[in-house]
Structure formats: structure tokens, C-alpha cells
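Residues per chain, in single letters:
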Amino acid sequence: KRVTDELKRQAAIFDDYYVEMSPWQYPEGQNFAKEAYEAVRREGFKPILTMDAHYPRPEDAKTQDIMLCIQNNCKFSDPDRMKFSQDDYCLHSGNDMAAKWHAIHGKSLPLLEDMIVNTRRIADMTNFDFPKATPLAFQHKGDKAKLLRKLCEAGLKARKLHDRPAYRERLE
């Protein structure tokens with residue numbers, strides 16, 4: 001009921017309203033998807049199939065995880081630190097998204113074709129040319145680990161933290 005009420009509230013604000021459906025792997029996400037799906041069927045909302053993208057490729061998941069540690073000032077080894085609930089918050093093709101949806105929900109939630117058509121409809125309404133991205137090239141020719149260590153040491157010294165055991169431990 002709460003999901004339906006919230007979707008109705010949001011739909012009243014927008015002229016052309018779509019409900020985002022995502023192939024989340026974690027239990028709460030799957031439960032929400034099922035509730036949203038039922039509201040879509042019952043109320044006639046237009047579903048779309050989407051997924052958060054926090055990094056471009058699946059192999060970038062660990063790098064993103066490390067960046068979260070840096071942003072939140074916590075250790076990677078801390079079991080209670082903030083982390084994503086699954087490791088595929090990257091860009092996916094339409095076929096990959098459909099396969100993910102079926103792998104999680106099977107055929108029990110059959111609006112997949114509508115989700116894909118509506119997602120394409122939104123993409124066709126946008127007029128944006130993505131610039132061609134190129135990977136960042138690291139120009140240093142020597143030992144990158146030594147360079148990183150040198151830069152970290154300089155940063156500690158500049159912040160007058162080089163003598164503090166907690167910071168030394170984190171650097172190690």
C-alpha cells in the first residue's frame with residue numbers, strides 16, 4: 001500500500017510518469033521490485049528497466065569500493081563500513097538487463113517487454129551526445145607504488161599528520 005501510495009503521489013506531479021524497475025539482487029530490493037511491479041500492473045503506470053551505474057565496467061567494482069572507503073574515511077577491512085549491496089552497479093546492455101531481470105524474477109513478473117519498450121522510448125526522447133571517453137593515462141614511467149608512497153608521505157607532512165600513529169597505521 002505504501003509503495004502504491006507513493007507512486008500515485010509522484011505520478012500526480014509529472015505529466016509523463018514512469019516507474020523504475022531494477023534487477024536488484026539483495027532481498028529488500030527484490031521485495032520492493034515485486035511491490036512496485038504489482039502497483040504498475042494494478043494502477044497502469046508505465047514501467048522502465050534501469051540500473052544505477054556508479055562505474056563503467058564490472059571489473060571497476062573493487063575500485064569503487066575503495067573510493068567509498070576513502071570518501072567515508074574508513075578502512076577496507078572494516079566489516080561495518082558502507083558498501084554497495086551488490087557488485088554490478090555498472091553500465092549494462094539491454095540484453096544484460098533483461099537477463100538479470102529474468103535471473104532474479106523468472107517469468108513471474110512478465111512486463112519485461114513493456115519495460116524495455118518504455119526505456120527505449122525515454123532514450124529516444126533525449127537529445128544528448130555522450131562524449132567519447134578515453135581512459136586516464138598515468139604518465140609516470142617509474143615504480144608507481146613508490147610514487148604513491150611518496151605522494152602520501154608528502155600529504156601527511158603537509159597536513160602535519162606524519163607523526164601521528166593512527167595516520168601512519170592507515171598509510172601502512
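It should be emphasised that the depicted structure is a prediction, and the values quoted were computed from it without experimental measurement.

Caption draft 1: Broad picture of the overall build of the protein chain. Assigned secondary structure in the protein chain consists of seven helices and two strands. Listing every helix and strand of the protein chain by position from the N terminus yields α-β-α-β-α-α-α-α-α. For 172 residues, the compact-globule formula gives about 16 Å, and the C-alpha radius of gyration of the protein chain, at 22 Å, lies well above that figure. Seen along its three principal axes, the alpha-carbon backbone of the protein chain occupies a region of about 65 × 35 × 35 Å. Across the 172 residues of the protein chain, 28% fall into the buried class. Contacts spanning at least 24 positions in sequence make up 67% of the contacts within the protein chain whose residues lie at least 6 apart.

Caption draft 2: Representation of the packing of aromatic side chains. Per the stated rule, a full pass over the model turns up five aromatic pairs. Taking 5.7 Å as the distance between ring centres and 75° as the angle between the ring planes, the aromatic pair formed by Y17 and F45 counts as edge-to-face. Placement of Y17 in the loop between α1 (2-13) and β1 (18-21) and of F45 in the loop between α2 (27-43) and β2 (46-49) is noted, with a sequence separation of 28 residues between them. This pair shows no difference in class: Y17 is buried, exactly as F45 is. With 6.1 Å between their ring centres and 40° between their planes, W24 and Y26 make a pair best called tilted. You can call W24 buried: its relative accessible area is 15%. Note on Y26: relative accessible area 24%, which makes it partly exposed. Aromatic rings pair up to connect F14, Y17 and F45 into one cluster. A cation over an aromatic ring shows up here: K46 above the ring of Y18, its NZ or CZ 4.5 Å from the ring centre.

Caption draft 3: Fine view of the confidence of the model for the protein chain. Looking at the protein chain as a whole, its pLDDT mean stands at 88, while 98% of the residues score no less than 70. Highest mean pLDDT in the protein chain belongs to α1 (94); lowest belongs to helix α4 (residues 94-105) (86).

Caption draft 4: Spatial organisation of unusual backbone geometry. Phi is positive for N73, which is not a glycine, with a value near 55°. Examined against the element boundaries, N73 turns out to sit in the loop between α3 (61-72) and α4. In this structure, K160 takes a positive phi of about 60° despite not being glycine. Within the secondary structure, K160 is located in the loop between α6 (144-158) and α7 (165-171).

Caption draft 5: Structural context of the layout of surface pockets. Considered as a void within the structure, the largest pocket measures approximately 780 Å³ in volume. Along the wall of the largest pocket there are 21 residues; nearest its centre are I70, L148, C152, R170 and L171. Listed by contribution, the elements that provide at least two residues to the lining of the largest pocket are α3, α6 and α7. For the second largest pocket, the calculated volume is near 430 Å³. L49, T50, H92, M97 and T119 are, among the 17 residues lining the second largest pocket, the residues nearest its centre. Of all the secondary structure elements, the ones that give two or more residues to the lining of the second largest pocket are β2, α4 and α5 (112-125). If you tally residues by element for the lining of the second largest pocket, the top one is α5, at five residues. Considering only residue class, the lining of the second largest pocket consists of ten nonpolar, six polar and one charged.

Cut-offs applied
- Residues numbered from 1 in each chain as written.
- Predicted model: local features only at pLDDT ≥ 70, side-chain atom pairs only at ≥ 80, totals over all residues.
- Heavy atoms only, no water.
- Helix = DSSP H or I, 4+ residues; strand = E, 2+ residues; numbered from the N terminus.
- Rg over C-alpha atoms; globule rule 2.2 N^0.38 Å.
- Buried < 20%, exposed > 50% of the residue type's maximum accessible area, 1.4 Å probe, protein only.
- Contact = heavy atoms within 4.5 Å.
- Phe/Tyr/Trp six-rings, centres within 6.5 Å; stacked < 30°, edge-to-face > 60°.
- Lys NZ or Arg CZ within 6 Å of the ring centre and 35° of its normal.
- pLDDT = per-residue confidence, 0-100.
- 1 Å grid on protein atoms, 1.4 Å probe; cavity = no way out; pocket = protein on both sides within 12 Å on 5 of 7 lines; lining within 4 Å.
- Points joined across faces, edges and corners; volume = space filled by probe spheres on them.
- Nonpolar A, V, L, I, M, F, W, Y, C, P; charged D, E, K, R; others polar.

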